[in-house]
Every structure is written in structure tokens, then in C-alpha cells.
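Residue-level structure breakdown
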Amino acid sequence: MGIAISGIASGIDSDSIINQLLSIETSRIIGIQRKIVVEQQRKDAFNALSGQLESLRNAARKLGEASLYSQVSASSSDTGVLTVSATGDAPVGNYSVEVLQVATRHRVAAQGFVDQSGTGIAAAAGTFSFQVGDGDAVEIDVDDSTSLQDLARAINESDAGVRADIVNDGSGLNPFRLVLTAEETGSDGLVTVVENDTTLDFENTSIEAAQAADGNSADYAGAVSSGGAYTGTDNTTFIVEIITDGAADGTAKYQVSTDGGLTFDDNGGAGYDVTSAGPIALADGVTIEFEDDGTLRAGDTFTVDVFSPELATPKDAIINVNGIDIRKSSNTIDDVFDGITFQLQSASVGQTVNIGVSRETGDISQAMSGLLGAYNGVVGFLNAQFSYDPESGQAAPPLNGDSTARQVARQVQQFMTGRIPGLGDDTISSLSELGFESNPETGLMSFNSGKLDEALRDDPDSVARVLSRYGERLSGDFEFVRRSQNSKPGTYRVEVTQARTRAAVAGGAAAEVLAADEQITIGLNRRAQDDDGGDFVETTVDLAAGDTVAEQVAKLNTGFEDAGFALTAYVDADGAIAIRSDEYGGDYAVQVVSDVAAGAGTSNLGNAQLEDQGSDLEGRIGGRPARVLEGDVLKGGDGYDTEDIELRIPNDTSGVLGEVRIADGVSQALPSLIDNFTGVGGLLRSKTSGIDSRISSYEEDILAQERRAQQVEERLRRQFANLEVTLGRTQALGDYVTQQLASLPKVSSNK
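Here we summarise the structure given alongside this text.

Rules behind the numbers
Residues numbered from 1 in each chain as written. Predicted model: local features only at pLDDT ≥ 70, side-chain atom pairs only at ≥ 80, totals over all residues. Heavy atoms only, no water. Helix = DSSP H or I, 4+ residues; strand = E, 2+ residues; numbered from the N terminus. Rg over C-alpha atoms; globule rule 2.2 N^0.38 Å. Contact = heavy atoms within 4.5 Å. Areas by Shrake-Rupley, 256 points an atom, 1.4 Å probe, with all protein chains shown as cover. Lys, Arg positive; Asp, Glu negative; His and termini not counted. Charge placed at Lys NZ, Arg CZ, Asp CG, Glu CD. Axes fitted to C-alpha atoms, helices over the stretch in contact; angles between N-to-C directions. Parallel < 35°, antiparallel > 145°, perpendicular 65-115°, else oblique. Left-handed = near helix turned anticlockwise from the far one by under 90°. Buried < 20%, exposed > 50% of the residue type's maximum accessible area, 1.4 Å probe, protein only. Polar contact = N/O pair within 3.5 Å; in protein donor to acceptor, adjacent residues only side chain to side chain. Expected span 1.5 Å × (residues − 1). Arc of directions from axis to C-beta. Pairing = 2+ DSSP bridges. Salt bridge = Lys/Arg side-chain N within 4 Å of Asp/Glu carboxyl O.

1. Thoughts on the overall build of the protein chain
Counting its regular elements, the protein chain contains nine helices and 41 strands. What you see for the protein chain is a C-alpha radius of gyration of 50 Å, clearly larger than the 27 Å of a compact globule of 751 residues, by over 25%. The principal-axis extents of the C-alpha atoms in the protein chain amount to approximately 210 × 85 × 55 Å. A sequence separation of at least 24 residues applies to 68% of the contacts in the protein chain between residues at least 6 apart. Surface accessibility of the protein chain: about 37600 Å² in total, with carbon and sulfur atoms responsible for 44%. Computed over 54 positive and 115 negative side-chain charges, the inter-centroid distance for the protein chain is 27 Å.

Structure, rendered in C-alpha cells:
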């Protein structure tokens with residue numbers, strides 16, 4: 001602003017006039033500012049609505065957490081007998097289980113040995129080999145320098161399912177025993193010593209030499225020996241203790257223990273006669289013999305160690321479930337019911353353990369309550385925006401009458417009260433069927449958790465269909481594996497246009513007992529689909545005259561095993577010998593030819609080469625091409641509604657197998673709907689972007705108005721300044737003229 005000269009010459013209040021003229025420009029700026037305030041209020045309201053929708057989106061996402069649908073509770077009425085655990089696949093219900101027998105590990109031991117490392121266990125070079133269950137035999141080389149410790153170490157390093165330990169049983173003679181314990185329980189862990197070129201005995205019971213205790217009196221100088229054939233099964237010590245002094249002529253008396261001294265038999269207090277007339281029978285085939293030389297004193301003790309190789313027999317677990325006996329090789333049993341694992345702790349014949357499996361519903365109810373609260377938050381906010389009484393005198397809410405806000409309210413409400421896309425009438429398909437109830441006047445919803453509990457009890461899968469991202473086999477012989485967010489809701493037909501098969505050839509007629517020797521040549525190609533067609537690797541199997549069909553098949557399979565061929569020979573339904581690849585797919589091809597023409601007294605494979613190649617899986621999902629994964633999985637192709645649907649198809653199966661259903665439940669579909677509002681390019685984003693553009697335009701208008709007002713003020717002040725200067729000059733000229741006129745001589749009118 002310039003120097004104020006208001007009214008100096010003219011007496012005019014130019015500042016007041018200028019301010020009044022500028023107020024016109026200022027009122028225009030205030031009008032624009034009011035428009036900005038209104039737009040900002042609408043933007044804030046849209047942002048608040050977006051926040052409410054984001055809360056609803058997050059609440060819906062929680063319903064898609066897999067843990068909500070795999071939470072089951074399993075309980076046992078007696079955890080000392082068995083414990084139980086369950087996964088989401090477990091059928092809900094109650095079961096009665098009786099544990100008749102727990103599985104045990106096989107444990108065998110050799111007879112006692114003199115030391116662990118100083119003495120060789122073999123007289124010469126040889127082999128010690130063992131086998132676990134039906135596994136391969138493990139061979140260990142031994143010689144006269146191999147100690148007990150060396151053999152135990154070699155067995156453990158073989159990692160063949162057996163643990164070897166050396167136990168010092170404390171006996172006076174040969175106290176060290178090699179114990180072999182199977183890692184697997186039950187019959188699968190049966191330990192068999194196949195070849196034994198050592199002095200260790202894992203098969204026969206043994207009776208050690210009788211030993212006199214160190215504290216015995218010196219009055220007895222006779223020899224004591226043991227004998228017999230042990231018929232018992234325990235590893236124990238027989239103890240003979242003198243209770244009456246005397247010679248070994250029947251005068252001395254003894255008591256005997258067959259359990260290592262835990263209990264004694266003293267013949268009712270009379271004791272038993274010590275005689276030298278011959279071996280004295282103790283128990284279980286064990287005898288002891290005394291020489292009549294000196295006096296036996298009360299307290300003199302003599303021991304005889306007895307050994308049985310089998311310390312613990314391998315037993316399978318036996319349980320009775322709901323009246324059905326079940327035998328398993330392990331105490332961990334997980335294949336009686338899907339998703340339920342029994343862990344046997346002890347046998348309890350005659351006692352029934354009650355097992356209960358129930359589905360936890362608290363977390364799902366909590367997540368549903370979260371969804372309810374978030375939805376009511378959206379509806380409550382929009383109801384407040386749409387409520388306006390013109391007669392109240394108050395301003396209308398920012399979004400009152402806004403078509404976008406109305407569209408959001410309508411679509412969200414339709415989703416929450418409607419059916420989930422992709423689900424038909426054959427299953428629960430809406431939130432209302434899970435307990436959500438809508439107030440028709442307010443649009444707000446309430447939650448009846450009883451309906452949810454009922455649905456979880458009767459059909460838990462239906463709850464998952466409505467709430468989560470779901471896929472399932474509706475019909476047919478295949479397995480649903482997975483889907484992704486790219487898979488669109490719908491029901492799709494599953495068709496196998498080419499089955500996955502194995503290469504297989506068979507003789508033209510039933511095989512017969514061979515009348516003459518026959519040689520079979522078999523070729524296996526593992527790369528039949530390579531560009532060059534791959535190569536056949538051959539092996540031959542010699543059959544002999546007189547071989548039965550079973551013997552021919554056995555020789556073929558032995559030949560395959562020796563050659564490392566993944567092939568199997570068998571007799572087909574027509575009695576012909578068939579040979580097929582163990583592996584599926586078009587990479588494998590088989591050739592078979594005999595040196596003998598087909599006919600009577602032959603294998604009937606014939607001297608005309610038989611050849612076959614496997615085939616790879618091909619198929620469609622929903623009529624659209626599908627890729628193949630892992631050889632037996634069809635996966636929907638990219639860009640189709642069936643994208644990323646994965647189905648495991650049985651081998652040797654073709655044609656239309658059935659249907660798969662894909663459903664986007666609340667956790668998937670509702671966030672997708674909200675993304676259409678709040679995401680990039682969404683309705684609310686577009687709205688707020690438009691508001692931002694208008695506010696920016698208004699702010700530019702204000703700047704332009706301010707520049708215009710400044711220019712107007714400067715112009716007016718210049719004009720008023722010029723007016724004052726001009727008036728000032730005019731006034732000065734007038735004063736000068738007046739002065740000059742006053743100074744002129746007066747002219748007399750009288751002559």
C-alpha cells in the first residue's frame with residue numbers, strides 16, 4: 001500500500017472509498033473459500049467412509065484364516081492309557097477305545113562276554129549280518145581283532161533301524177552283553193540275525209558257570225558246577241544260599257531264589273538238602289552240583305546266571321474301536337479316522353476309554369462378531385449422512401443425497417443379505433443362515449450365534465464355504481488340491497482326455513510250465529519322450545525247463561531287481577505273464593522278447609518283440625485346457641475362470657470324472673467388493689480425487705482474486721493520489737490568481 005494522502009486536497013475519505021470498492025473483490029474470495037470448506041467436508045466424509053469400509057474389509061479377511069476351520073478339540077477320559085489329538089479333518093463325535101496291547105520293540109541280546117574291547121569276538125575273518133522286518137540285510141565284516149565294542153559301533157553306524165548297546169549286567173563271569181534294539185515297534189521291527197561268524201549267540205539260551213560268593217567261608221573246599229538246559233524266558237540269576245551248616249551229604253540245607261534274590265524258597269523253613277549224589281534241579285531246567293569236600297556254612301552263597309536271547313518280543317498294538325479290533329505296528333495310530341491320532345500309553349484290557357472330538361467355534365464366533373461390528377459401523381455412518389430434516393435449520397450432512405454413497409450402501413447391504421456367488425441350494429450359502437439378521441428399517445444387523453453353532457455341528461464344511469475362499473470336489477474320483485484368488489467362483493466339469501498310464505506288455509496266451517530252457521530279453525527306456533527317443537537298456541533273464549509260471553515270474557522280478565529296473569512281472573487275469581513299468585508317464589517304454597516262439601510249454605511271451613510306452617496325463621477343467629503338475633495334477637490355465645484350480649487325478653483314469661466347485665466366501669468376495677470402492681480407480685478414490693481437483697481449482701481462483709484485488713487497490717490509490725495532486729495544483733493556482741488580483745491598484749471611478 002502507498003502513502004496515505006486521503007483528502008489532503010479534496011477532503012475526500014479515499015481510504016474508505018477504496019476499502020468499500022475492495023470489499024466486492026473480498027466477498028468473491030469468501031464465496032470461494034466457503035466452497036472449499038464444503039468440498040473438504042465431503043472429502044473428509046468420503047475418507048471416513050473409506051475407513052469404515054477398510055475396517056469391514058479387514059474383519060472379512062479374518063474369516064479366511066485357515067486356523068479358524070482346523071481348530072478341533074480332542075479329549076481322552078484316561079490319558080494314562082491313551083492320548084488323542086485331532087486336526088481339522090477329524091470327524092466330530094465320540095468313540096470308545098480299548099487298548100488290548102501296546103506295541104513293543106524287539107530286543108535281543110547275546111550271551112555274556114568277557115570284556116568290551118580287549119578280546120576278539122570272532123575266530124577268523126567272516127560276516128555278521130542282520131535284517132529288520134522285511135528290509136535288506138546289512139553285512140558287517142568281522143575278524144579275530146573285532147571287539148564287542150567294534151561290532152556295536154559298526155551296527156550303529158549302519159543306520160539300519162537297530163541300536164546296539166553294551167550292557168554290564170554285573171555278573172561275576174562274562175558280564176558284558178551286546179543288546180540289539182529295533183527302532184520300530186511291532187512286527188515291522190523284527191530283528192533277525194541272518195549270518196553270524198562270531199562267537200556271540202543270539203539264538204540259544206545259556207547257563208553260566210556257578211560262582212561262589214567272595215565272602216563265603218573257607219570251610220568248604222569242594223567244587224560247584226552248573227548245568228542243564230534253561231527253559232525260561234527271563235534273564236536272571238539263580239541264587240543258592242546255605243541256611244543250615246553241614247556237608248554235601250544231605251546235612252547242609254539251602255534256600256533258592258530264581259529272580260536274583262528278590263524272593264527265596266526255603267521249603268517251608270525246612271530248607272532243601274545239599275547232596276553230592278548228582279545235579280540238583282533248581283528250576284526251569286537249571287541244575288547245580290556240589291562236591292562233598294568240607295563243610296558248608298550258613299550264609300555261603302552260590303550264583304548261576306541264566307540268559308535268554310530275546311529280551312522283549314516285538315508286539316503289534318491291538319486296540320478295539322467301537323467294537324472293531326484293529327492291529328497296528330506302532331503305538332502312534334493315525335489312520336483309523338481321518339485327522340485323529342491315537343498315542344497308546346499302556347494296555348488296559350477291559351477298560352474302555354472315551355474319546356471325544358468337537359469343533360471349536362469360539363474363534364469363528366468372535367470373527368463373525370467382528371464382521372458384524374464393522375458392518376454396522378458402515379451402515380450407522382451412512383444412515384447419519386442420509387438423515388436430514390430441512391426444517392431443522394441445520395446444514396445437510398456432507399454426503400446427503402450423494403449417489404456414490406448411496407451406491408456403496410446398496411451394494412454392501414445386498415452382499416451381506418444375499419447369497420454367496422457359486423453356492424447353490426444344496427448347501428448353506430448366506431450369512432443369514434449362519435445367524436446374521438437384518439433390521440429392515442435401519443439396515444443394521446444382529447448375530448444369533450446359535451445358528452452358527454448348529455451349522456458347525458451339522459455341516460462344518462458349509463460354514464467354510466460361506467466364510468472362506470473355498471474349493472471342493474462335488475462328484476467324481478479325483479482329489480481337490482487347492483485354488484488361488486485367481487480362480488473364479490463356479491462349478492466346473494473335470495475331464496481327462498488322456499489317462500496317465502504305465503508301459504505294459506503281456507504274452508498272447510496263458511503261460512505254461514516250460515518244456516525247455518528259455519531266455520527273455522527285456523529293454524527299459526526311461527527317456528522315451530526325448531527328442532532322440534531315448535535308449536533302451538537291456539537285461540536278460542534265463543528260465544529253465546520245468547519252471548512253473550510262478551517260478552518264471554519270480555525269476556523275472558529277481559532279474560529286474562538285480563539290473564536296477566523299475567519293472568514288475570505278474571500274471572494277468574487271462575493267465576498270461578505281463579511286464580509293466582513301476583513308473584507312470586510317457587517317459588517310460590518297455591520291450592520284451594523271448595528266444596522261443598510262443599506255443600505249448602513256453603512262457604508265451606514269444607519271439608516277436610512286444611513293446612509299449614506309457615502316457616502322460618492330459619485333461620480339461622470347465623472345458624478349458626489344463627496344465628499338468630507332478631505328473632498327476634491338473635492345473636487350470638492362466639487367463640481362464642479355472643485358473644490355478646489344482647486337482648489330483650487317479651492314474652489309469654480317463655473320461656468325465658465329475659465336477660469341482662469354487663466359491664468365494666465372505667473373506668474373499670467382500671474385500672473384492674470393497675476394493676471396487678476404496679482401491680486404486682475405485683468409486684471413492686475417484687470421488688476424493690475429483691474433490692481434490694476442485695479444491696485445487698478453487699485455491700487457484702482465490703490466488704487470482706487476491707492478485708486482482710491487489711491490482712485494483714493499487715490502481716485506485718494511484719487515481720486518488722493523482723486527483724489530490726491535481727486538485728492541490730488547481731487550488732494553488734487559484735490562490736495565486738487571487739493574490740495577484742488583490743495586488744492590482746484600485747481604479748477610481750471619479751474623475
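Next comes the rest of the write-up.
2. Focus on the packing of helix α3 (residues 362-386) against helix α5 (residues 449-458)
Close contact between α3 and α5 brings their axes to 11 Å; oriented N to C, the two are set at 140 degrees. By the criterion of interaxial angle, the relationship of α3 to α5 is oblique. Once α3 is placed against α5, the crossing between them reads as right-handed. Residues I364, S365 and M368 of α3 lie in contact with α5, whose contacting residues are L452, D453 and L456.

3. A closer look at the side chain of N604
Its place among the elements puts N604 in the loop between β35 (589-594) and β36 (610-613). With relative accessibility at 8%, the residue N604 sits in the buried group. Among the polar contacts made by the side chain of N604, one reaches the main-chain carbonyl oxygen of A510 at a distance of 2.7 Å.

4. What to know about the environment of G424
Relative to the helices and strands, G424 is located in the loop between α4 (403-417) and β25 (436-438). Relative accessible area serves as the criterion here: at 26%, G424 is assigned to the partly exposed category. Separated by 12 residues in sequence, G424 and F436 have C-alpha atoms that sit 19 Å apart. With residues near it in sequence (within four places) discarded, G424 still touches S429 and R661.

5. Quick look at α4
Counted at 1.5 Å a residue, the expected span for α4 with its 15 residues is 21 Å, and the 21 Å between its end C-alpha atoms agrees. Along α4, the positions that sit buried rather than exposed are T404, A405, V408, V412, F415 and M416. Down the axis of α4, the buried side of the element spans an arc of 100 degrees, and every buried residue falls inside it. Opposite the buried face of α4, by more than 90 degrees, sit the exposed residues S403 and Q414. Capping the start of α4, D402 holds a side-chain oxygen 2.9 Å from the backbone nitrogen of T404, two or three residues further along.

6. Observations regarding the sheet that holds strand β38 (residues 624-629)
Ordered in space as β27-β41-β29-β37-β38-β39-β40-β28, the eight strands form an open sheet in which the pairing is antiparallel. Looking at strand neighbours, the two that pair on one side only are β27 (469-475) and β28 (479-482), the edges of this open sheet. Pairwise comparison of adjacent strand axes, ignoring direction, gives a mean angle of 30 degrees for this sheet. Helix-sheet contacts for helix α6 (residues 460-467) involve β27 and β41 (655-664), and the interaxial angle to β27 is about 130 degrees.

7. Brief notes about the pattern of salt bridges
With the rule as written, the count across this model stands at 28 salt bridges. D458 is the partner of R457 in a salt bridge, and the nearest nitrogen-oxygen pair spans 3.6 Å. Looking at R457, the relative accessible area reads 55%, which means it is exposed. On the accessibility criterion, D458 (53% relative accessible area) is exposed. With a closest N to O distance of 2.5 Å, E472 and R465 form a salt bridge. Judged by its relative accessible area of 11%, E472 falls in the buried class. Through salt bridges with shared partners, one network takes in E39, R42, D402, K687 and R694.

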